[in-house]
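Residue-level listing of the chains:
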Amino acid sequence: MASAAERAVLEEEFKWLLQEEVHAVLKQLQDILKEAAHRFALPASSSGGAVKQENFVLGTSGTDQVKGVLTLQGDALCQADVNLKMPRNNQLLHFAFREDKQWKLQQIQDARNHVNQAIYLLMNRDVNYQFKTGSEVLKLMDAVMLQLSRARNRLTTPATLTLPEIASSGLTKMFTPALPPDVLVNFYINLNKLCLTVYQLHVLQPNTTKNFKPAGGSILHNPGAMFEFGNQRYEVSHVHKVECVVPWLNDALVFFTVSLQLCQQLKDKISVFSSYWNYRPY
């Protein structure tokens with residue numbers, strides 16, 4: 001049990017923590033997260049304005065069946081120029097986005113929204129706000145950490161989709177010339193990479209002896225996966241995955257990690273005071 005003198009010192013230190021250090025940490029968090037938010041919409045010039053376009057060359061160490069260049073503008077894929085070598089006859093297919101089309105990358109959009117929500121929470125507690133209890137700080141940190149965890153998870157955990165969902169997405173109508181009916185494509189973010197998966201299909205004839213078993217949802221489907229779409233059954237014959245590193249996505253993930261660590265450190269300091277004396281932050 002702390003003595004009266006020790007308790008007085010602890011109370012003063014805790015008051016300083018609430019009045020000074022908490023706001024210093026909140027300011028640091030705001031600065032980091034504003035930098036992260038800026039990464040999601042880099043302006044085309046130093047004077048601001050439109051978001052700049054960035055070109056990325058798709059590559060993989062495993063195959064040269066798929067090559068291409070993707071053009072990213074913030075959260076929008078505004079051009080995809082792809083060459084696909086068909087393995088059965090080595091025919092080279094070329095397809096690209098129509099000029100009037102863009103594909104919104106929902107993962108980037110969602111991550112940016114969560115970052116902006118975290119910034120909003122922090123700005124609601126400006127330097128003039130007086131924190132009265134540790135509980136207030138803990139609740140704020142929990143709310144900010146929730147948004148940051150969701151932002152990070154959107155970039156690190158691509159959606160699981162069924163093959164019919166991929167087949168029916170608007171992505172299939174983005175290209176010129178139109179994709180052949182035995183080709184499916186899917187774009188997604190995985191950590192700091194922009195990924196393209198190309199599925200080549202073959203039609204399962206009605207008299208096939210194969211046991212038809214539709215595949216469930218997955219980030220990446222394997223050869224042999226079956227599905228039904230438009231009253232026709234298909235089987236995946238070949239899968240090609242190519243990707244490119246997007247440096248600013250890596251920056252954003254680092255900012256998320258640093259911010260989460262700062263939040264946790266502040267929570268730990270509040271908890272240390274709580275364990276020393278009978279101050280209850282809850």
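Residues numbered from 1 in each chain as written. Predicted model: local features only at pLDDT ≥ 70, side-chain atom pairs only at ≥ 80, totals over all residues. Heavy atoms only, no water.

If you check an unreviewed UniProt entry, the protein chain appears there as Protein rogdi homolog from Patagioenas fasciata monilis. Under the heading Sequence similarities (unreviewed entry), UniProt records this for the protein chain: "Belongs to the rogdi family." Comment text from UniProt for the protein chain, heading Subcellular location (unreviewed entry), reads "Cytoplasmic vesicle, Secretory vesicle, Synaptic vesicle". (UniProt positions renumbered as here; feature names shortened; annotations may be inferred.)

Along its length, the protein chain carries 5 helices and 12 strands. For 282 residues, the compact-globule formula gives about 19 Å, and the C-alpha radius of gyration of the protein chain, at 25 Å, lies well above that figure. Reported as C-alpha extents along the three principal axes, the dimensions of the protein chain are approximately 85 × 50 × 30 Å. Of all intrachain contacts in the protein chain linking residues separated by at least 6 positions in sequence, the fraction that spans at least 24 positions is 66%. Accessible surface for the protein chain amounts to roughly 14,700 Å². Of this, 51% is attributable to carbon and sulfur atoms. The averaged location of the 25 negative side-chain charges in the protein chain is 5 Å from the averaged location of its 28 positive side-chain charges. (Helix = DSSP H or I, 4+ residues; strand = E, 2+ residues; numbered from the N terminus. Rg over C-alpha atoms; globule rule 2.2 N^0.38 Å. Contact = heavy atoms within 4.5 Å. Areas by Shrake-Rupley, 256 points an atom, 1.4 Å probe, with all protein chains shown as cover. Lys, Arg positive; Asp, Glu negative; His and termini not counted. Charge placed at Lys NZ, Arg CZ, Asp CG, Glu CD.)

The next point concerns the confidence of the model for the protein chain. Mean pLDDT over the protein chain works out to 86, with 91% of the residues at or above the 70 mark. Predicted confidence in the protein chain is weakest over strand E1 (residues 43-45), with a mean pLDDT of 47, and strongest over helix H3 (residues 134-156), with 95. (pLDDT = per-residue confidence, 0-100.)

What follows concerns the nonpolar core. Counting residues in each nonpolar core, the largest one holds 70 residues, and the members touching the most others are Phe 40, Met 141, Phe 175, Val 185, Phe 187, Leu 196 and Phe 256. The residues contacting Met 141, other than those within four sequence positions of it, are Leu 26, Leu 29, Leu 122, Cys 263, Leu 266 and Lys 267. Among the nonpolar cores identified, the runner-up in size contains 10 residues, and Ile 166, Ala 167, Ala 225 and Val 236 belong to it. (Core = buried A, V, L, I, M, F, W, Y, C linked by side-chain atoms within 4.5 Å. Buried < 20%, exposed > 50% of the residue type's maximum accessible area, 1.4 Å probe, protein only.)

Now for the packing of aromatic side chains. Counted by the stated rule, this structure contains 7 aromatic pairs. Here the aromatic rings of Phe 40 and Phe 256 are separated by 6.5 Å at their centres, their planes lie at 20 degrees, and the arrangement is stacked. You can see Phe 40 sitting in the loop between helix H1 (4-39) and E1 and its partner Phe 256 sitting in helix H5 (residues 247-276), a full 216 residues away along the chain. An identical accessibility class is assigned to Phe 40 and Phe 256; each is buried. Measuring from centroid to centroid gives 5.3 Å for Phe 227 and Tyr 234, while their planes differ by 20 degrees, and the two rings are stacked. The pair Phe 227 / Tyr 234 is uniform in exposure class, with both members buried. Put simply, the rings of Phe 95, Phe 97, Phe 175 and Phe 187 touch in pairs and so form one group of aromatic residues. We note Arg 125 situated over the ring of Tyr 129; from NZ or CZ to the ring centre the distance is 4.5 Å. (Phe/Tyr/Trp six-rings, centres within 6.5 Å; stacked < 30°, edge-to-face > 60°. Lys NZ or Arg CZ within 6 Å of the ring centre and 35° of its normal.)

Residue classification places Phe 256 among the buried positions, given a relative accessible area of 0%. Sequence separation between Phe 256 and Arg 152 is 104 residues; the distance between their C-alpha atoms is 6.7 Å. Among all residues touching Phe 256, those that are not within four sequence positions of it are Ala 36, Phe 40, Val 115, Leu 148, Ala 151, Arg 152 and Leu 155.

Pairing is antiparallel in the open sheet, where 4 strands are placed in the order E9-E10-E12-E11. The open sheet is flanked by strand E9 (183-190) and strand E11 (226-229), the only strands paired with a single partner. Ignoring strand direction, the axes of neighbouring strands in this sheet form an average angle of 40 degrees. Here 4 bridges tie E11 to strand E12 (residues 232-245), and the two strands are oriented antiparallel to one another. When the bridges of E12 are listed, Met 226 appears paired with Glu 235. (Pairing = 2+ DSSP bridges. Axes fitted to C-alpha atoms, helices over the stretch in contact; angles between N-to-C directions.)

It is worth spelling out the pairing of strand E3 (residues 54-58) at this point. Residues Glu 54, Phe 56 and Leu 58 point to one face of E3 and are all buried, whereas Asn 55 and Val 57, pointing to the other face, are not buried. Note: E3 against strand E4 (residues 66-73), 5 bridges, orientation antiparallel. Within E4, the position partnered with Val 57 by the bridge is Val 69.

This brings us to the environment of Thr 162. Assignment of secondary structure puts Thr 162 in the loop between H3 and helix H4 (163-168). Considered as a pair, Thr 162 and Gly 217 are 55 residues apart in the sequence and their alpha carbons are 4.1 Å apart. Non-local contacts of Thr 162, meaning those with residues more than four positions away in its chain, are made with Gly 216, Gly 217 and His 221.

Two packed helices can be described by the angle between their axes and the distance between those axes. Put simply, helix H2 (residues 106-123) and H3 touch, their axes get as near as 8 Å, and they point 165 degrees apart. Taken together, the axis directions place H2 and H3 in an arrangement best described as roughly antiparallel. As H2 packs across H3, the resulting crossing turns out to be left-handed. For the pair H2 and H3, the contacting residues are Gln 106, Gln 107, Ile 108, Asp 110, Ala 111, His 114, Val 115, Gln 117, Ala 118, Leu 121 and Leu 122 in the first and Leu 140, Met 141, Ala 143, Val 144, Gln 147, Leu 148, Arg 150, Ala 151, Arg 154 and Leu 155 in the second. (Parallel < 35°, antiparallel > 145°, perpendicular 65-115°, else oblique. Left-handed = near helix turned anticlockwise from the far one by under 90°.)

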